[in-house]
Each structure stands twice: as structure tokens, then as C-alpha cells.
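Below, each chain spelled out in residue letters.
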Amino acid sequence: MVALAILIALLLNEAVPGPGVRARRMVLVPWAIPPVVNGLMWQWIYDAKVGALNGLLVALRVIPTYRGWLSNPTDALLALVAAHVWNAVPLGVILLLAALQTIPAELYDAGRVDGSSAWQLFRHVTMPWLAQPLMVVLVLQTMLAIRVFDVIYVLTAGGPGTSTTTLVWQTYVTTLRQP
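Residues numbered from 1 in each chain as written. Predicted model: local features only at pLDDT ≥ 70, side-chain atom pairs only at ≥ 80, totals over all residues. Heavy atoms only, no water.

Visitor: It is not clear to me how the nonpolar core should be interpreted in this structure. Could you clarify?
Guide: Nonpolar side chains tend to gather and get buried jointly when the protein is soluble and globular. One finds A9, V93, L96, L130 and L134 to be the most contacted residues of the largest nonpolar core, which totals 20 residues. For this core, the elements supplying multiple residues, two or more each, are helix 1 (2-13), helix 6 (73-100) and helix 8 (118-146). Examining the composition of this core, we find that seven residues originate from one element, helix 6, more than from any other. Excluding its chain neighbours within four sequence positions, the residues that come into contact with L134 are V2, I6, L96 and M127. In this structure, L70, V148, V151 and I152 belong to the second largest nonpolar core, which totals 17 residues. (Core = buried A, V, L, I, M, F, W, Y, C linked by side-chain atoms within 4.5 Å. Buried < 20%, exposed > 50% of the residue type's maximum accessible area, 1.4 Å probe, protein only. Helix = DSSP H or I, 4+ residues; strand = E, 2+ residues; numbered from the N terminus. Contact = heavy atoms within 4.5 Å.)

Shown next, in the form of C-alpha cells:
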């Protein structure tokens, strides 16, 4: 999630008039959606009979027929990860974008004058300035990932079998479901 957040923040940090402002606003939409609504939305996307993902993949001829994304243990876990990442990454993007905008332009100008490549500028200017914000994002994203419950509850209820059971889900099952 952190690598994806860095990539998106770097793309949004580029000076693009007009569409850049709209893209920055749109990145907040997944984060603003409540987790249960996020789970219901992804449940519709992954639906085995009328799911949007199946429809797209069949139309593009990537898969021959519709399939149950949440009925296979491996696919179900990956589907949960995708749903959680979609909902959680925007927080990291916003924090990293704010940090990117505090980097003085003079540092990049000096690096270009010295003949630094884009990679060298990223490595020696951008990354040192992002070290502390990256730590904050890493801690927050780790805490969010450990606490995931809503998406699991809505999409798979810990199944199939126990393939999507997490510590939080097992705590719920042990505490509230067992007599």
C-alpha cells in the first residue's frame, strides 16, 4: 500500500493544470466511503453472476466465463486485499502529497544543474524529505490493515473455510458467535 501511495502521490504532485486538481479531489473518494459501503460495493463488483469485474474480463476475453471470485480461498484473499487497498491508500496518498509539496524546488533545480538524473533526484532529494512522513504512513497503514473487519464481514465472513480469517475476525467469532 505504501509503494502504491508513493507512486500516486508522485503522479499527483506533477504540475498539471486543470485535470490535476480534479484528480487530487477524486483520490479522496475511496477514503471517504464508509468501510461497510466499500464492502457492499466490492461485493457487487465480485459477484459471480452479475459482477462488474466478471463482465469486464469476459468482454475483454481475459476469462471465458463468469467465475466466483469469493469462493476460491486464494482469490477471496486477494479480493479482500484489493478492496481494502482501494479504501485505505488515499490516506497515504494525501499525507505523502502534502509532504512532497513541502520539498523546496531549489533542491531539484540544484540537482538538475549538477546533472542528476530523475532517479538520482528521487533518491537523494525526494526520499530523504519523505522519510518521516513515510514512517507515519507505514504505521497508519499497518494499523488499518490489522484492524480490517468490515470488508471481511461483508464479503466473506472469514471464508471460504478460514482463508480470510484474521485476528480481528477470529476475535469477533470467539467473542460474539460462540455460546
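Visitor: Looking at this structure, how should I read the side chain of N54?
Guide: Within the element layout of this structure, N54 appears in helix 5 (residues 52-59). Under the relative-accessibility criterion, N54 is labelled buried at 0%. With residues near it in sequence (within four places) discarded, N54 still touches I45, Y46, D47, A48, I63, Y66, R67 and W69.

Visitor: Help me understand the packing of helix 4 (residues 35-46) against helix 5, please; the structure alone is not making it clear to me.
Guide: Working note: a packed helix pair is described by the angle between its axes plus the distance between those axes. It is the contact of helix 4 with helix 5, at a shortest axis distance of 4 Å, that shows an interaxial angle of 35°. Residue-level inspection shows W44, I45 and Y46 of helix 4 in contact with helix 5, the latter providing A52, L53 and N54. Among the residues making up the contact of helix 4 with helix 5, the classes are represented as five nonpolar, one polar and no charged. (Axes fitted to C-alpha atoms, helices over the stretch in contact; angles between N-to-C directions. Nonpolar A, V, L, I, M, F, W, Y, C, P; charged D, E, K, R; others polar.)

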